[in-house]
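Structure assessment
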Amino acid sequence: MNQLLGQAWIPEGVDLFRFSPELTLVATIVLVLAVPMIMGRSARLVGGIVMLGIAAAGWLTWRVAAEVSGQGVAGMSPDPASAMLLVDNLSCFFKLILFFFAACVTGMWWMGSSASERNAPEFFVLLLGTALGMALMVGTLNMLLIVIAIELASLPSYAIVAFEKRDRAAAEVSLKYAIFGAISAAIMLYGISLLYGLYQSLSFVEVADGIATDLATGRNGVIIAVALLCFFCGIGFKISAVPFHFWCPDAFQGARIEVTTWLSVVSKAAGLILLMRLVHALAAAAGAEMISALAPLAWGIGILAMLTCTVGNLSAYMQTSVKRMLAYSSIAHAGYMLMVVAILAVPGSVGAASAVSALLVYISIYLFMNLGAFGVVALVYWHTGSDSINAFSGLIRRAPWLAIPMLCCLMSLVGLPPFAGFMGKFWILYALAEQGDAASWLYWTLFVVAVLNTLISLYYYMRVVVKMMLADDGQESVRAPAAGTIMVNLCGLLLIAMLIWAQPIKHFADRFSTNLYSAPVLTVDVGTIDQTTAHP
Amino acid sequence: MSENNIHDCSMLILLLPLLGAVVAIVLRQFRLGDHSHWPVIFGVGGAAFFALNILWMVLGAEVGQRSVQSVIYTWISTGAASSWFNFEFLVDPLSAMMLVTVTFVSTLVVIYARDYMRHDDHPERGYERFFAFLALFVFSMCTLVLAGNFLLLYMGWELVGLCSYLLIGFYYNKPSAAAAAKKAFLVNRIGDFGFGLGILLIYWTFGCLDYASVFHMIEEGVAAGGQALPEGRLAMIALLLLCGAVGKSAQLPLYVWLPDAMEGPTPVSALIHAATMVTAGVYMVARCGAIFTASPAVMTVVAIIGAATALFAATIALVQNDMKRVLAYSTVSQLGYMFLGLGVYAAGSAVFHLFTHAFFKALLFLSAGSVMHAMGGIIDMRKFGGLRKVLPWTYRFCLLGALALAGFPFFSGFFSKDEIIHHAFNQNFWLGMVGSVTAVMTAFYTFRMIFMTFHGPERIPEGVHAHESGKWILFPLGVLSIGAVFAGLVQVPGEKVNHFLEPAIHQFHAAHGLLLGAAGHAVAHGFWAEYGLMIISGGLAILAIGVAYLLHVRWEWLPGLLADVAPKTHRVLYNKYYVDEAYDAAVVKPLRKSGRICFGIDQYFVDGLVFMVTAVPRLLGAMLRSLQGGAMQSYGLTMVTGLAIIVLLVLLA
């Protein structure tokens, strides 16, 4: 940092361009605060500004994606060897998803809350603040920036969960969420400080090199394991991996539904991508000779994934609130995605390419399933004032155009054809099977656990379907705004379309998952370290 | 033949009906359900137009280039190129001919349904649903026909099954219709189970599912990875596929669903259960000639199933009193002919019979529907008679269809049926005899139906205002009757259809070692060898029609007497050989009984077990819930303990 301040470093134009989506978000936040002071606190006005800002950020991301697609990673730092910010295909992919989803969530807010919203500017400052944090999370390997990004994504979400200030329950879960966040941040900082103490560097690439050297020579094994686990625990909190998941159901249930939708997808996706980057950097530094040295890492992540998946699904069993059930379901889905990350912990893994692309496909599909499912829950909630499973009774009669997309989304969440969720699961299972053949029976174990969990999950998703289709206790029909109905139906249709066009989606994801490997930052000096460590 | 044009036309053939289905449903949202026949007519009619276009292109291409496989896109690829599943079409003479038949008949049936599904110009309940399902059916059937691999074929196969189920049960408030729909679905399930296994076995054996590679590998005699084909594997695949065909095409012993399927609206019977869907089995066997002809034993099985079904169903049709049931059994019998044709290596003749049959059977069904419409829903021939004055046009069209079905000389059915019998005789005398006897019966029951309905003194059920149907109904009848009369002429002279189909079904020909469709000619030349059978069967058909006339118009007392003289035979036939009862006693009742036992077991044992099994997750769930008690301290404790345990595990491992 001293160096940075001392030289008064000024980023170049091209760096600024690559960073422009984030800068646009910052500008939007400023506008959202400033414009209402001049033009009055109209919720619609604020919503409009946010939409424009998101659209601009999305467009810029698209431009940046086109620019970086060939050359992989770019750093924004005076020292090219230790980049603060990375812009590569992976981060562009996530940012595209992020901004698209932000637009959808803003749309939900527009339909459901904007009429009665009195604090629109504050709401969007918080929402866009989390978005900025997530965008930074996927674009860095610098440990300092990782902490800042995670906190930037977390702090506003504590507040936004309790946005209904008068709602005591919301205030309570928000407090819990914040305390949890604090605990896990503390643990994570402990891990990071251990790593910094060991290797005197904040760049995780350099740290990974150091770890690889140490593992090869058998030094510092315990301390490295503790440090890494503590570090990953902070990320586990973001993706609500068991046992760091306790905040998740409470917070998701207490928050507004658009906030729940938002957190359920992107906050987990950001954490997963960050974790994937870290694990990949470790594996790349270690090199193919050190598979056994990194095996505990693979096992650790694998066990976490299995636990997350199983606990999420089992806890969803008895829920009576559909919203809470979907919160647990999101934990379970984070578990499925975490399984893929375990694949990356094998250095020089043959399955790494299919793993990354499977994860990206899964995230893209998961986005629509959750958007549709939460969208229907929201529309039903806005009409009936309840998100209990009983509010869905006889929905096929009361609102066929809500029941049908809900059916699509739930079936897709189970992973049944003809819906895209099937493809998502298929690619994950395929990557696991590939790796199971090549590397270790851990992945076959994960495979079996994933399949069994799919079976378990069938029960609680179908409970809602049965309630919608077969039960009817004569409640009045549901009136939903046309825009919302269209949105959820589009989600349902897309889920079918994404199965029919499965391969093009996969190709799209493949394209965005490639340059993670050709990244110059990641491959720096790996060869020399290997030589020096393998033959000392 | 440009691949791009073929590709575009194929896509349009699929998408237009699908679009029609969607628009028909959407119209309802705008309270325009009354007009929902329009999008479907345009969608299906458009598909017919492009199907003709495809046929035209195929005809225009050189003989060696009439088969085009076009990959639309890759659906899933898992690593190696051989394990790619493509969304691909195969357009060749066989699929082109099937497409034209399907879409053309469908268009006419949809036009017909516009009036049929209305009463006093008020649409029936579920009008738009009906048309949407019809359009969905056309989409599914075209998928089945156009499919370029077994996966897509299977998808189309199941989709048409679904549409059939939905349409048989269209009047789902009627218990008999709901039961019939269920029966059709379940019986087809039995066949489809074998079919699915067959496809899996193909994938297992060859490692791919697209027609071109599979058939090529069979020709080379290799399995996946260049290994030799296991002994008897092809025969096994063929038998499993045949299971599916027997179910879908209502052959012995799985034909029982088809007569009951007449509970659906008449246009459905005409389209799905006479002209198109039930011929899918025939199409599939013809398509998989490479697999079926590899084993002569399997071909014999096909021929015997076909012959037995043809005869068996014809005898039942002799004494039925329900007009639609007569036609239903007649359909089963005619499908039997097609299987007989396939089994004696005359795939060209079988497909040709499929083609002509589509016209005259659809015509007959739609005429029966017109009668039913006029009689206020009554279809029992004992309750009305002498309708030729009341329904003059229906009578004329129906008569043309009946002549075609009966094999009256120079009507379409005459040519196609005669060819099959001809080939059957060349293969085996007894198969030929069964074919001939069935032909006589066919002529008899067809005209028994005509005479009972339209001739004799005029009798109209009480309270029915009988009236000729409107132009929406008569127009399709007229067009179809042109087809029924003249469709046979595309084959003569010179067996043009067989030559046209040659590229698609050459395996039959190759396997038989004879020139396709001209087996007789190659064996013996001369007037009698070529035309003798034709003259005899034509004469027999006329004779049978005469007998029917005598029995049912002149000596009306005679049928009753005959029934009294041979009461047992009549009862057995009238009750359809008690097959339904036998199945009921042998399969359904025991199944039910075991079902009841199972239900008991289910309720007390399995449910208990399930309860216990789910008790584990539920217990765990409850435990987890107790963890989620809301107390911060316990949350934090669990979290840190969890982390500590993981650290320990990793360190110990």
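The preceding data block contains the structure.
On to empty space enclosed by the protein. All names here are of chain B. Enumeration over the complete set of coordinates arrives at 9 cavities of 30 Å³ or more. Of the voids in this model, the largest cavity is the one considered here, and its volume is about 90 Å³. Residue lining of the largest cavity: Ala406, Gly407, Gly413, Phe414, Lys417, Asp418, Ile421, Ala439, Val440, Ser537 and Ala541, and that is the complete set. For the lining of the largest cavity, the secondary-structure elements that each account for two or more residues are helix H17 (412-427), helix H18 (429-454) and helix H22 (527-554). It is H17 that contributes the most residues to the lining of the largest cavity, 5 residues altogether. Taken together, the residues that form the lining of the largest cavity break down as 6 nonpolar, 3 polar and 2 charged. Along its surface, the second largest cavity is lined by Glu158, Gly161, Leu162, Ser164, Tyr165, Ala184, Phe185, Asn188, Arg189, Asp192 and Lys248. Put simply, the parts of the chain that give the lining of the second largest cavity at least two residues each are helix H5 (150-168) and helix H6 (175-206). Its residues assigned to classes, the lining of the second largest cavity shows 4 nonpolar, 3 polar and 4 charged.

The next thing to look at is the packing of aromatic side chains. The full count for this structure, using the stated rule, is 49 aromatic pairs over all chains. Between the aromatic rings of Tyr177(A) and Phe237(A), the centroid separation amounts to 6.2 Å while the plane-to-plane angle is 45°, which identifies the pairing as tilted. Of this pair, Tyr177(A) sits in helix H8 (residues 168-199) while Phe237(A) sits in helix H10 (residues 221-238); the two residues are 60 residues apart in sequence, bridging distant segments of the chain. Accessibility assignment for this pair places Tyr177(A) and Phe237(A) in one class, buried. Through a chain of ring-to-ring contacts, three or more aromatic side chains come together here, namely Trp109(A), Trp110(A), Phe123(A), Phe124(A) and Phe163(A). Over the ring of Phe123(A) we find Arg256(A); its NZ or CZ atom is 4.9 Å from the centre of that ring. One Lys or Arg, Arg189(B), reaches over the ring of Phe185(B) and ends 4.7 Å from the middle of that ring.

Contacts between the two partners involve 40 residues from chain A, matched on the other side by 29 residues from chain B. Overall, the association of chain A and chain B removes approximately 3200 Å² of surface from exposure, summing both partners, and the carbon and sulfur fraction of that is 78%. Between the two partners, chain A and chain B, sit 0 salt bridges. Counting every contact that joins chain A to chain B gives 0 residue pairs in polar contact (both at pLDDT 80 or more). When residues of the side of chain A that touches chain B are traced back to their parent elements, those giving at least two are H8, H10, helix H11 (247-254), helix H13 (291-316), helix H14 (322-344), helix H18 (420-438), helix H20 (482-500) and helix H21 (502-513) of chain A. Looking at side-chain class alone, the side of chain A that touches chain B contains 31 nonpolar, 6 polar and 3 charged residues.

Cut-offs and rules
Residues numbered from 1 in each chain as written. Chains lettered and ligands numbered in written order. Predicted model: local features only at pLDDT ≥ 70, side-chain atom pairs only at ≥ 80, totals over all residues. Heavy atoms only, no water. 1 Å grid on protein atoms, 1.4 Å probe; cavity = no way out; pocket = protein on both sides within 12 Å on 5 of 7 lines; lining within 4 Å. Points joined across faces, edges and corners; volume = space filled by probe spheres on them. Helix = DSSP H or I, 4+ residues; strand = E, 2+ residues; numbered from the N terminus. Nonpolar A, V, L, I, M, F, W, Y, C, P; charged D, E, K, R; others polar. Phe/Tyr/Trp six-rings, centres within 6.5 Å; stacked < 30°, edge-to-face > 60°. Buried < 20%, exposed > 50% of the residue type's maximum accessible area, 1.4 Å probe, protein only. Lys NZ or Arg CZ within 6 Å of the ring centre and 35° of its normal. Contact = heavy atoms within 4.5 Å. Buried area = accessible area lost by both parts, 1.4 Å probe. Salt bridge = Lys/Arg side-chain N within 4 Å of Asp/Glu carboxyl O. Polar contact = N/O pair within 3.5 Å; in protein donor to acceptor, adjacent residues only side chain to side chain.

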